[in-house]
Amino acid sequence: MHSAVVADVVRRITPLDGLEQQHIDITLSWLAATGDIFRRVRPATPPRHLVSYVVLVDPRARAVLLGAHRRSGLWLPTGGHVDPGEHPLESARREAAEEIGIEARFDVVGPDPLFLTVATTAGPDAHEDVSLWYVIRGDRTRRHALDPREFDGERWCDVAGFALPGTDPHLGRFLTKLDGALRGRTG
């Protein structure tokens, strides 16, 4: 798997707004300029690398599951770094199994990522994550025990009227885009 394959995935994302378009453009330029897109050494080698977020969504309840991420101190969707040579969709499948203990079902909005962000992480090991936001089906009435090595608790948050501090800085925009996608579908 190489940069051109990821570029094809990125090109299929319809941007929500000018900022997402900017992030798509940055990502496509980066992918065209390098083949070094996977994290090889923790925490930040190379200093920009791919991440697959895996957002567990209950489309009937119109809610997403977030976990209290131990390392970042933020409420985040599950997911993680794409392994060298791994397709981001396969990374999303792997992360769903590892962090939620489920087989990912990509039938809410499809198998392509819904959203893309480029963000600098916080802390002494700051680096840039190029994050592909995949959506998988969940059920708010079912308890999903997130991996305790990664998360210290979980909570469901409503897609509309979301107001939880301490999250990914782009989560609100993602939820806006998800809300629009869910309006055109049934659960």
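Nothing here was measured: the structure is a model prediction, and the numbers come from that model. (Residues numbered from 1 in each chain as written. Predicted model: local features only at pLDDT ≥ 70, side-chain atom pairs only at ≥ 80, totals over all residues. Heavy atoms only, no water.)

Draft legend 1. Just the nonpolar core, in detail. Counting residues in each nonpolar core, the largest one holds 32 residues, and the members touching the most others are Leu 50, Leu 116 and Ile 136. Those elements giving two or more residues to this core turn out to be helix 1 (3-11), helix 2 (18-33), strand 1 (48-58), strand 2 (63-69), helix 3 (88-100), strand 5 (115-120), strand 6 (128-137) and strand 7 (151-158). Within the second largest apolar cluster, 23 residues are counted, among which are Val 64, Ala 68, Val 135 and Ala 181. (Core = buried A, V, L, I, M, F, W, Y, C linked by side-chain atoms within 4.5 Å. Buried < 20%, exposed > 50% of the residue type's maximum accessible area, 1.4 Å probe, protein only. Helix = DSSP H or I, 4+ residues; strand = E, 2+ residues; numbered from the N terminus.)

Draft legend 2. View of the pattern of salt bridges. Throughout the structure, instances matching the rule amount to 19 salt bridges. The partner of Asp 17 in a salt bridge is Arg 173, and the shortest N-O contact between them spans 2.9 Å. Of this pair, Asp 17 sits in the loop between helix 1 and helix 2 while Arg 173 sits in helix 4 (residues 171-183); the two residues are 156 residues apart in sequence, bridging distant segments of the chain. Of the charged contacts, one joins Glu 95 and Arg 94 as a salt bridge, the two residues approaching to 3.0 Å between their closest N and O atoms. Several salt bridges share partner residues, and in doing so they unite Asp 83, Glu 86, Arg 94, Glu 95 and Glu 98 into one network. (Salt bridge = Lys/Arg side-chain N within 4 Å of Asp/Glu carboxyl O.)

Draft legend 3. Highlighting the packing of aromatic side chains. Under the defined criterion, the tally for this structure stands at 5 aromatic pairs. Above the plane of the ring of Trp 75 lies Arg 155, whose end atom (NZ or CZ) is 4.8 Å from the centre. (Phe/Tyr/Trp six-rings, centres within 6.5 Å; stacked < 30°, edge-to-face > 60°. Lys NZ or Arg CZ within 6 Å of the ring centre and 35° of its normal.)

Draft legend 4. Quick peek at the packing of helix 1 against helix 2. Close contact between helix 1 and helix 2 brings their axes to 9 Å; oriented N to C, the two are set at 165°. When the axis of helix 1 is compared with that of helix 2, the two are roughly antiparallel. Once helix 1 is placed against helix 2, the crossing between them reads as left-handed. Counted together, Ser 3, Val 6, Ala 7, Val 10 and Arg 11 of helix 1 and Ile 24, Thr 27, Leu 28 and Leu 31 of helix 2 form the full contact between these two elements. (Axes fitted to C-alpha atoms, helices over the stretch in contact; angles between N-to-C directions. Parallel < 35°, antiparallel > 145°, perpendicular 65-115°, else oblique. Left-handed = near helix turned anticlockwise from the far one by under 90°. Contact = heavy atoms within 4.5 Å.)

Draft legend 5. View of helix 4. Compared with the 18 Å implied by 1.5 Å per residue over 13 residues, the 18 Å span of helix 4 between its first and last C-alpha is a close match. Listed as buried for helix 4 are Leu 171, Arg 173, Phe 174, Leu 175, Lys 177, Leu 178, Asp 179, Ala 181 and Leu 182. Its buried side turned inward, helix 4 meets helix 2, strand 1, strand 2, strand 5 and strand 6. (Expected span 1.5 Å × (residues − 1).)

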